[in-house]
Amino acid sequence: MSRKVLVIGEIKDASLRNVTFEAIAAAQKISNDGEIVGLIIGDKDLNESGNTMIQYGADRVITIVNEQLKTYTSEGFAQAVMEVIEEENPEAIIMGHTAIGKDLTPKLASKLESGLISDVTDIEVTGDNVVFTRPIYSGKAFEKKIISDGVIFATIRPNNITPLDKNENRTGEVSSKDVTIKDLRTVIKDIIRKTSEGVDLSEAKVIIAGGRGVKSKEGFDPLNELAKVLGGAVGASRGACDADYCDYSLQIGQTGKVVTPDLYIACGISGAIQHLAGMSNSKVIVAINKDPEANIFNVADYGIVGDLFEVVPKLTEEIKQLKVNA
Amino acid sequence: MNIYVLMKKTFDTEEKIAVNNGKIEDDGAEFIINPYDEYAMEEAIKQREEHGGEVTVVTVGNEDSEKQLRTALAMGADKAVLINIEEDVEETDQFTTVKILEAFFDDKDVDLILAGNVAIDQASGQVGPRLAERLNIPYVTTITDLQIKGETVEIERDVEGDIEKVETTLPLLVTCQQGLNEPRYPSLPGIMKAKKKPLEELELDDLDLEEEDVEPKTKTIDVFLPPEKEAGRVLEGELDDQVKELVSLLNKESKVI
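Each chain has its residues counted from 1, following the order in which its sequence is written. Both sets of labels track the order of writing: A upward for chains, 1 upward for ligands. With the structure being a predicted model, the display of local features is reserved for residues of pLDDT at least 70 and the display and counting of side-chain atom pairs for 80 or more, all residues being used for whole-chain, interface and lining totals. Hydrogens are left out, water is left out, and the side-chain values use all remaining heavy atoms of the structure.

**Student:** Account for the overall build of chain B, with residues named and values stated.
**Tutor:** For chain B, the count of helices and strands is six helices and 15 strands. With respect to the three principal axes, the spread of C-alpha positions in chain B is 70 × 45 × 40 Å. Note on classification: 1.4 Å probe, protein chains only; a residue is buried when its accessible area is under 20% of the maximum for its type, exposed when over 50%, partly exposed between these limits. Here chain B, with 257 residues, has 52% of them falling under the buried criterion. Of the contacts formed within chain B by residues at least 6 apart in sequence, a portion of 69% connects residues at least 24 apart. Only the protein chains shown count as cover for residues, with accessible areas throughout obtained via the Shrake-Rupley method and a probe of 1.4 Å. Split by element, the accessible area of chain B, about 12,200 Å² in all, is 42% carbon and sulfur. When the 28 basic and 61 acidic side-chain charges of chain B are each reduced to a single mean position, those positions are 4 Å apart. Each helix is a run of DSSP H or I of at least 4 residues and each strand a run of E of at least 2, with the numbering of both proceeding from the N terminus. It only takes one pair of heavy atoms within 4.5 Å for two residues to be counted as in contact. The charge count treats Lys and Arg as positive and Asp and Glu as negative. His and the chain ends do not count. To locate a charge, take atom NZ for lysine, CZ for arginine, CG for aspartate or CD for glutamate.

**Student:** Before we move on, can you summarise the interface of chain B and chain A with the specific residues and values?
**Tutor:** One frequent convention defines the size of an interface as the accessible area lost when the parts assemble. Across the boundary between the two partners, chain B contributes 71 residues, which contact 81 residues of chain A. We define buried area as the total accessible area lost by two parts upon association, computed with a 1.4 Å probe and summed across both. Of the roughly 7,000 Å² buried between chain B and chain A on both sides combined, carbon and sulfur atoms contribute 54%. Any Lys or Arg side-chain nitrogen found within 4 Å of a carboxyl oxygen on Asp or Glu counts as a salt bridge. At the junction of chain B and chain A, the tally comes to 11 salt bridges. Residues B:Asp162 and A:Arg193 are paired through a salt bridge, measuring 3.1 Å at the closest nitrogen-oxygen approach. Here a polar contact means two N or O atoms within 3.5 Å. Within protein one must be a hydrogen donor candidate and the other an acceptor candidate, and residues neighboring in sequence count only if both atoms are side-chain atoms. Our count for the chain B to chain A interface comes out at 39 residue pairs in polar contact (both at pLDDT 80 or more).

**Student:** Just give me the short version of the domain arrangement of chain A, but keep the residues and values in it.
**Tutor:** Residue and element names in this part refer to chain A. Each domain's limits were defined by an automated method or a database of domain assignments. Domain annotation of chain A identifies domain 1 (5–176) and domain 2 (201–325). Taking only C-alpha atoms, the centre of domain 1 and the centre of domain 2 are 31 Å apart. Together domain 1 and domain 2 conceal approximately 1,000 Å² of surface at their shared face, both sides included; 33% is due to carbon and sulfur atoms. If you sort the residues of domain 1 by the area they bury against domain 2, Ser-138, Arg-157 and Asn-159 come out on top, with a joint share of 54%.

**Student:** If you had to explain the UniProt feature "domain: Electron transfer flavoprotein alpha/beta-subunit N-terminal" (unreviewed entry) in chain B to someone new, which residues and values would you point to?
**Tutor:** Following the UniProt record, the feature "domain: Electron transfer flavoprotein alpha/beta-subunit N-terminal" (unreviewed entry) maps to residues 21–211 of chain B here. Strand forms 31% of residues 21–211 of chain B and helix 29%; the C-alpha atoms that close the span are 25 Å apart. UniProt positions are given in the numbering used here, feature names are shortened, and annotations may be inferred rather than shown by experiment.

**Student:** Which residues make up empty space enclosed by the protein, and what are the values?
**Tutor:** Residue and element names in this part refer to chain B. Cavities and pockets were defined on a 1 Å grid built from protein atoms only: a cavity is a group of points that admits a 1.4 Å probe but offers it no way out, a pocket is an open group of points flanked by protein on both sides within 12 Å along at least five of seven lines, and a lining residue is one with an atom within 4 Å of any such point. Grid points are joined across faces, edges and corners, and a volume is the space filled by probe spheres set on the points. If you walk through the whole model with that rule in mind, you get four cavities of 30 Å³ or more. Considered as a void within the structure, the largest cavity measures approximately 100 Å³ in volume. Secondary-structure elements contributing two or more residues to the lining of the largest cavity are β9 (139–149) and β11 (162–169). Considering every element that reaches the lining of the largest cavity, the biggest residue donor is β9, with three residues. Basically, the charged four are Asp, Glu, Lys and Arg, the nonpolar ten are Ala, Val, Leu, Ile, Met, Phe, Trp, Tyr, Cys and Pro, and anything else, Gly included, counts as polar. For the lining of the largest cavity, the per-class residue count stands at five nonpolar, four polar and three charged.

**Student:** Tell me about the pattern of salt bridges, and name the residues and values.
**Tutor:** Once the charged atoms of two side chains with opposite charge are near each other, the side chains can pair. All told, the structure shown has 40 salt bridges over all chains when counted by the stated rule. One salt bridge connects A:Lys320 with A:Glu317, and the closest N-O pair in it is separated by 3.6 Å. On the criterion of helical spacing, the pair formed by A:Lys320 and A:Glu317 is a turn pair, its members being three residues apart in helix α8 (residues 308–325). Of the residues examined, A:Lys320 reaches a relative accessible area of 36% and is grouped as partly exposed. Here A:Glu317 falls in the partly exposed class, since its relative accessible area comes to 42%. B:Asp107 is the salt-bridge partner of B:Lys108, the closest N and O atoms lying 2.9 Å from each other. You can call B:Lys108 partly exposed: its relative accessible area is 28%. It is possible to trace a salt-bridge network through shared partners that takes in A:Glu10, A:Lys12, A:Arg17, A:Glu203 and B:Glu160.

**Student:** Explain the state of the cysteines to me, and be specific about the residues and the numbers.
**Tutor:** Here, a disulfide means two cysteine sulfur atoms that sit within 2.5 Å of each other. The tally for this structure, following the rule as stated, stands at zero disulfides over all chains. Not part of a disulfide, A:Cys267 finds its nearest cysteine sulfur in A:Cys246, a span of 13 Å.

**Student:** Which residues make up the packing of aromatic side chains, and what values go with them?
**Tutor:** For Phe, Tyr and Trp, where Trp contributes only its six-membered ring, two rings pair if their centres lie within 6.5 Å, and the inter-plane angle classes them as stacked under 30 degrees, edge-to-face over 60, or tilted in between. Considering all chains together, one arrives at nine aromatic pairs over all chains under this definition. With a centroid separation of 5.1 Å and an interplanar angle of 70 degrees, the aromatic rings of A:Tyr137 and B:Phe11 are classed as edge-to-face. Placement of the pair is A:Tyr137 in the loop between β9 (129–136) and β10 (141–147) and B:Phe11 in strand β2 (residues 9–11), with the two residues belonging to separate chains. The pair A:Tyr137 / B:Phe11 is uniform in exposure class, with both members buried.

**Student:** With reference to specific residues and values, describe the side chain of B:Arg157.
**Tutor:** You can see B:Arg157 is positioned in strand β10 (residues 152–159). A distance of 2.9 Å separates a polar atom in the side chain of B:Arg157 from the backbone oxygen of B:Thr141. Setting aside its immediate chain neighbours within four residues, B:Arg157 contacts A:Asp103, B:Val140, B:Thr141, B:Thr142, B:Ile143, B:Thr144, B:Asp162, B:Ile163, B:Glu164 and B:Val166.

So, in structure tokens, the structure goes:
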């Protein structure tokens, strides 16, 4: 059975987030040769982003450009998306499990009186069944779920579903749609950027994380250096945040961000169960810790017992060498 | 102000997870108030201290949920409501829970509903926003600051590490993020008082709901544990050699750099 799938794309800092391409790949599995319709929303011309979605596998894209959709609000975006859903009648809807995805999709599901499977890390299609896998109990277990009634609706966790290869020759229709946005009860007054420019923690392929062993704010400097060389992001354990070595926006763990990068380098992190909940599904884990008994070594693929202030700079140098020789 | 807190009991964060017959084994497990719901509880009490009114904590659960409700009463909630669905409902999802809560709130005069931004067990984060939509009130998720000034509400919320300043109005539903406050521990006098505070128990019947009204829209077909990770390799030898070996492993074996 082929299905029409709506992919709700997401723009951040004027470009499409990677998870949008992952959502298209997810949609392709579910659609089974049906149609993949992209949707992007904003306040400036979105033609280029629309074409990019097509190059990544969407068949056509609808753009909604409206002054009142400049910043995301659940009410504004829900009105826009609902108009498209009512017009297109998709059999499935996919979006990224991002701040916006988490905030918007429950509202849409509630309007549609539909199910919603959030934070999906894998999708299998067998016959007419679409089976979604998602972590539960902070990644200590997984469940497989299906939608038993109504539209198939899911959000996917960034970094888990491989996007399709970009095909510059792929073409499709990008059409704009006018909507009227009314009765907004919430207004965004200001956004204070605390995350540094550069790589987004939840989408990063490489994360260098520091714990109490980092000892001070300045202690993060060697970690930042290593992250720069690897094109990665810097994260932290709760211990480091509580000790005020860094901002809570960097926190990885049960309370904090859940990340699944290709490479996670834990520096001076003991590996409390709450921290593991946020990173244990990373593809490769490296632990650097002075204490050979530290719990982090139990989940690490590779470990170095030693002082992070000695090990990390050497590691940075060695990787620089590797990049030079490559 | 009529303040309501949505609460869920969850496994203690330290609990080991075991699977039995495609289900999470919960025999003998320690349960706690979902940690994010504790922020909601604390904020509810703080707002009542500032603006007056009453805090009611509501949970959809079974008779064991009484323990967490008593804890919430000991923290300072005025009333507790247990919607006990154990007898009536076999499978639930977020649609089910919200359908039940919607019926509960149908005749209530609400100013503020607080919930955790996510429960640490199922981690869907859906119940709050879904309920607000059914009740036709605005919602703001992952809040880290809440100031109520008359009818206007000024909020700061965490958006992937950035802070968004939002203005909205009552009645309102918010979901709470770490950083909003430091939840208090129940005091001994609080625990004594909690025993005498009202705890109302309702069933589907009391909410004029039939079992078919709350039939879930999703179905769990399997629960499993992640594959056991092979024991990792702690490198040995001189530090310089270890670092060289690590880079070579990451580059050639794991191919991640």
